[in-house]
Amino acid sequence: MDAVQTSSPARRTVLMAGAGAVAALAVCPRAAAASAATEAVPAPAAAPGAAGRAAAAAAELPLRADRTTQGDILAGSRKDQACLLLVRFTDPVRARRWLAALLPELSTTEEMARFNAAFSAARLKAGGADPASLSATWTGLSLTHPGLRFFAGRDPFPAVAPGSTAEAFAQGAAKRAEALGDTGASGPDSWLFGAEQEEPAGRTVHAVLSLSADDPAKLSAAVARHRSALGPATGVVVFRQDAATLTGALRGHEHFGFADGISQPGVRGFHTPDPDTGGTVQGKPGTRLVPAGEFLVGQEKIGQRPAGLPAWATGGSFQVVRRLAQDVPGWWEQARLRLAELKKTGAAPAEATETWVAARLVGRWPGGTPVAGCPLAEVPGPVGRDPDVALTYVDDPQGWRTPLFSHIRKGNPRDGLNLAPGRPPLAPGELDGRRIIRRGIPYGPAYDPARGAGHGADTPRGLLFVGYQADLVQQFEFVQRRWLNEADFPAGRNPAVGSDPVLGPDSPITFETASDSGSRATTLRFGRFVRTEGALYAFTPSLPALRDLADGNLDDSVEVHAGTVLRAGDVLDAGAARLVLGADGDLAVLAPDGSRLWSAGTAGTGHDALFGRDGEFTVRAENGRIVWSSGTEGHPGARLLVRRDGGVVIVDGDREIWRAEDRKAAHPE
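This one's a predicted model, so the numbers in the text were calculated from it and none came from an experiment. (Residues numbered from 1 in each chain as written. Predicted model: local features only at pLDDT ≥ 70, side-chain atom pairs only at ≥ 80, totals over all residues. Heavy atoms only, no water.)

**Student:** Explain the overall build of the chain here, please?
**Tutor:** A count of helices and strands for the chain gives 15 helices and 26 strands. For a compact globule of 669 residues, the expected C-alpha radius of gyration is about 26 Å, and the chain comes in at 26 Å, within 12% of that figure. Each principal axis of the C-alpha distribution contributes one length, and for the chain these read about 80 × 60 × 60 Å. Considering the chain as a whole, with its 669 residues, one finds that 53% of them fall into the buried category. Looking at the chain as shown, the accessible area adds up to about 27900 Å², and 53% of this sits on carbon and sulfur atoms. For the chain, the distance from the average position of its 71 positive side-chain charges to the average position of its 74 negative side-chain charges is 4 Å. (Helix = DSSP H or I, 4+ residues; strand = E, 2+ residues; numbered from the N terminus. Rg over C-alpha atoms; globule rule 2.2 N^0.38 Å. Buried < 20%, exposed > 50% of the residue type's maximum accessible area, 1.4 Å probe, protein only. Areas by Shrake-Rupley, 256 points an atom, 1.4 Å probe, with all protein chains shown as cover. Lys, Arg positive; Asp, Glu negative; His and termini not counted. Charge placed at Lys NZ, Arg CZ, Asp CG, Glu CD.)

**Student:** Looking at this structure, I do not really get the side chain of Asp66. What am I missing?
**Tutor:** Assignment of secondary structure puts Asp66 in the loop between helix 4 (50-60) and helix 5 (71-74). Although Asp66 is buried, it forms no salt bridge, and the closest oppositely charged side chain is Arg67 at an N-O distance of 8.1 Å. Non-local contacts of Asp66, meaning those with residues more than four positions away in its chain, are made with Thr108, Thr109 and Glu110. (Salt bridge = Lys/Arg side-chain N within 4 Å of Asp/Glu carboxyl O. Contact = heavy atoms within 4.5 Å.)

**Student:** Sorry, what's going on with the sheet that holds strand 18 (residues 578-581) here?
**Tutor:** Hydrogen bonds between backbone atoms are what pair the strands of a sheet, whose relative direction is either parallel or antiparallel. Strand order across the open sheet formed by four strands is 17-18-19-20, with antiparallel pairing between neighbours. What marks the edges here is a single partner per strand, and that holds for strand 17 (571-573) and strand 20 (596-599). When strand polarity is set aside, the average angle formed by the axes of neighbouring strands in this sheet is 20°. Pairing analysis gives three bridges linking strand 19 (residues 587-590) to strand 20, with the strands arranged antiparallel. Looking at the pairing, Ala588 lines up with Ser599 of strand 20. (Pairing = 2+ DSSP bridges. Axes fitted to C-alpha atoms, helices over the stretch in contact; angles between N-to-C directions.)

**Student:** Whenever I open this one, the packing of aromatic side chains confuses me. Can you help?
**Tutor:** Working definition: an aromatic ring pair is given by the centre-to-centre distance plus the angle between the planes. Using the criterion set out here, one finds 28 aromatic pairs in the structure. Plain terms: the ring middles of Phe318 and Phe539 are 4.8 Å apart, the flat faces sit at 75° to each other, and that makes the pair edge-to-face. A residue pair is termed long-range when its members are at least 10 positions apart, and Phe318 in strand 8 (residues 317-326) and Phe539 in strand 14 (residues 530-540) qualify at 221 residues. A relative accessible area of 0% places Phe539 in the buried class. Here Trp356 and Phe511 contribute two aromatic rings whose centre-to-centre distance is 6.1 Å and whose plane-to-plane angle is 40°, an arrangement assigned as tilted. Taken together, the residues span a long stretch of sequence, with Trp356 in helix 12 (residues 354-362) and Phe511 in strand 12 (residues 507-515) at a distance of 155 residues. By way of ring pairs, the aromatic residues Phe157, Phe169, Trp312, Phe318 and Phe539 are connected into one cluster. (Phe/Tyr/Trp six-rings, centres within 6.5 Å; stacked < 30°, edge-to-face > 60°.)

**Student:** I keep staring at the environment of Ala292 and nothing clicks. Help me out?
**Tutor:** For Ala292, the position within the fold is in the loop between strand 7 (284-290) and strand 8. Measuring from C-alpha to C-alpha, the distance between Ala292 and Ala249 comes to 35 Å, with 43 residues separating the pair along the chain. Those residues within four positions of Ala292 in sequence are excluded, and the remaining contacts are Leu63, Val267, Arg268, Gln299 and Glu300.

**Student:** Would you mind showing me how to read the packing of helix 6 (residues 92-102) against helix 15 (residues 543-550) here?
**Tutor:** Each pair of packed helices can be described by the angle between their axes along with the distance between the axes. Two elements in contact, helix 6 and helix 15, have axes whose closest approach is 8 Å; the angle formed by their N-to-C orientations is 145°. You can see that helix 6 and helix 15 cross each other, and the crossing is left-handed. Together, Arg96, Leu99 and Ala100 of helix 6 and Leu546, Leu549 and Ala550 of helix 15 make up the contact between the two elements. Across the contact of helix 6 with helix 15, the residue classes break down as five nonpolar, no polar and one charged. (Left-handed = near helix turned anticlockwise from the far one by under 90°. Nonpolar A, V, L, I, M, F, W, Y, C, P; charged D, E, K, R; others polar.)

**Student:** Got a minute to help me understand the sheet that holds strand 23 (residues 626-629) in this structure?
**Tutor:** Across the sheet, four strands lie side by side as 16-21-22-23; this open sheet has antiparallel pairing. With partners counted over all chains shown, the strands left at the sheet margins are strand 16 (564-567) and strand 23, one partner each. Taking the axes of each pair of neighbouring strands and ignoring which way they run, one obtains an average angle of 25° across the sheet. Direction of pairing for strand 16 relative to strand 21 (residues 608-611): antiparallel, over a ladder of four bridges. Its bridge partner being in strand 21, Thr564 is matched across the sheet by Phe611.

**Student:** Sorry if this is basic, but what is going on with the nonpolar core here?
**Tutor:** Soluble, globular proteins show a tendency: their nonpolar side chains are buried together. Grouped together as the largest cluster of nonpolar side chains are 84 residues, with contacts concentrated most on Phe89 and Leu141. Of all hydrophobic cores here, the second largest spans 35 residues; its members include Leu63, Phe193, Val321 and Ala325. (Core = buried A, V, L, I, M, F, W, Y, C linked by side-chain atoms within 4.5 Å.)

**Student:** In this structure, what is going on with helix 10 (residues 216-230)? I would like to understand it.
**Tutor:** Residues spaced three or four apart along an α-helix face the same direction, because each turn holds 3.6 residues. Here helix 10 spans 21 Å end to end across 15 residues, near enough to the 21 Å set by a 1.5 Å rise per residue. Listing the buried residues of helix 10 in full gives Leu219, Ala222, Val223, His226 and Leu230. The arc that holds the buried residues of helix 10, viewed along the axis, is 100°, so those residues lie on one side. Facing away from the buried side of helix 10, by more than 90 degrees, are the exposed residues Ala217 and Ser228. Buried positions along helix 10 lie against strand 1 (81-89), helix 6, strand 2 (137-143), strand 3 (207-213) and strand 4 (235-244). (Expected span 1.5 Å × (residues − 1). Arc of directions from axis to C-beta.)

**Student:** Whenever I open this one, the pairing of strand 23 confuses me. Can you help?
**Tutor:** For a regular strand, side chains alternate in direction, first toward one face of the sheet and then toward the other. Of the strand pairs in this sheet, strand 22 (residues 617-620) and strand 23 are connected by three bridges, and their pairing is antiparallel. Note on strand 23: the bridge partner recorded for Arg620 is Ile626.

**Student:** Whenever I open this one, unusual backbone geometry confuses me. Can you help?
**Tutor:** For residues besides glycine, phi is generally negative; the peptide bonds are generally trans as well. That bond from Phe489 to Pro490 is cis: its omega, -5°, falls within 30 degrees of zero. Structurally, Pro490 can be placed in the loop between helix 14 (473-484) and strand 12. The linkage connecting Asn494 with the following residue, Pro495, adopts the cis geometry, with an omega of 0°. Residue position: Pro495 is located in the loop between helix 14 and strand 12. A positive phi is found at Arg414, a non-glycine position, where the angle reads about 55°.

**Student:** Sorry if this is basic, but what is going on with the pattern of salt bridges here?
**Tutor:** Side-chain pairs of opposite charge can arise where the charged atoms are in close proximity. All told, the structure shown has 31 salt bridges when counted by the stated rule. Asp388 serves as the salt-bridge partner of Arg414, at 2.9 Å between the closest nitrogen and oxygen. Taken together, the positions of Arg414 in the loop between helix 13 (407-411) and strand 9 (437-438) and Asp388 in the loop between helix 12 and helix 13 put the pair 26 residues apart, joining distant regions of the chain. Exposure class is identical for Arg414 and Asp388. Each is buried. With a shortest N-O distance of 2.6 Å, Arg644 and Asp556 are connected by a salt bridge. You can see Arg644 sitting in the loop between strand 24 (639-642) and strand 25 (648-652) and its partner Asp556 sitting in the loop between helix 15 and strand 15 (558-560), a full 88 residues away along the chain.

**Student:** Honestly, the pairing of strand 3 in this entry has me stumped. Any pointers?
**Tutor:** Of all the seven residues making up strand 3, seven are buried; the element is thus mostly covered by neighbouring parts of the structure. Burial along strand 3 is two-sided: the residues Ala207, Leu209, Leu211 and Ala213 and Val208, Ser210 and Ser212 are all buried. Pairing of strand 1 with strand 3 involves seven bridges; the strand directions are antiparallel. Within strand 3, the position partnered with Ala82 by the bridge is Ser212. Bridging between strand 2 and strand 3 involves seven bridges; their strand directions are antiparallel. Counted as the bridge partner of Ser142 is Val208 from strand 3.

Right, dumping it as structure tokens:
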């Protein structure tokens, strides 16, 4: 949720608020133009050669046709009704039979993407109404670290490097809670699930079974059927979390009343690129395309970096599940109190309401329009238009339009992150590796005491947060710890910016406004009205990996994916062997004691190492010249594996085509 600075001081601008809607339209020309008419996207007409064009589109967007990855990661279930069953098993043999029977029901990316496209087209044709003729029930499965260990019969990681995502996943959310700000009332001692990670623990979660549907009756039937199937598999539901889209005026909003899930990253190979930019999503010019490997293990990562994960992780994604309780009346009462303080200091106009303050805490108005372009009041754009079409912070370094502490700016600084005051902002692409795919959905009824029992402050409500990423440490944990919770982010400002007032801890925040002499700071104190009531780290494996697990197998070889580049200092550790590119440029395989088992002999000449998409592994000099090759070109689809037993091999299907065992290096002529 995120600002554009006008040439005149912000305080003088907001004092125009009393002029009402006319003034609002004057400072939000994009919304003003949009309010005159709604845009309609014409449905594509059938034409000769449609099959050929569909095949070409599939080639350009291969991830949309993927039937091996689970659909919620990239496509999203997009259902109004959801239920998560957190399950623990006691008998691995019977649990594997259950898994084998479940496999045909798991929803794939291709299924979800195809259904979502048809649903969206029908909804547009119906003028925004959900098509009653289209309905689906989706099933997804994720496994925790104890769950993977339970099904495989051994630890899923051959080695765990300190500071790695493997370490975070193995430790689990509870052990990392303090560093993430989950303390006090949000600490694991009060969690409803996820506090127990070690065996034998009666509430340890092995599996997260995700069910979602358009129809509550269909979802209820699916939940009952799956619960019945768990009995013979010795599966016990440790916790059940029901969730549903809010109804009426709050549809598509979270419980505080703000539109949710707006700013999702685009994914290369899944979302159609804009032909004019190539780097943003077609129809969403405010959404950058991020390499798919930042969300799906095995795809290309930013800078072609190695994932450093076992082969079982290929095609899957790390999943974060959090139950976030929301104190709705408390949050809005706080907004009213802070508004009074801002008016007293002159930092807010006399006409401002608590919604004016709340919009600045979030960075958007309740309907989703960024305050950056509409600082006075919300004027919604046309149906289907990207609300972030022109969202930028580059000209708002002080946060006069979109406060530096606002939720959407802290969580996604876009083009407005200055590492120190006075320095130019980072290029937006430098932050692509911090993005997360979010699949949140509210739980509990809307807060509305007038409706009687069950709708007051004592009824549980909040957001079921589900996020996907390829690296827990560099994505979810970094954003939560270093951006949202950190009072000195962006750094170097005096007074400090403060923590995110929506999801962060209790913190003073600095509300900056323009003045004749520059920026004026008003310090406000914000309490915490979102509380963590449960958290899990899980992994959403590919269908082939789950099929192996159902057979009691787990390929824990560390995989170097096609297109990956190793640079000096990179280490891929499989326990009995480590594949490294040394500081001297030599590609080598080392034993656990550091002794050299094999070398490419490229010391002094090697600069980086590339595992190409044609199956060839090469070491390149700084000028790009190949100084060593595995000689395995011509094998697209080949895999480079560092095995637990110490072998480093390239395989094509089941056939081994290269092994690092000769001490002699193979140098090209």
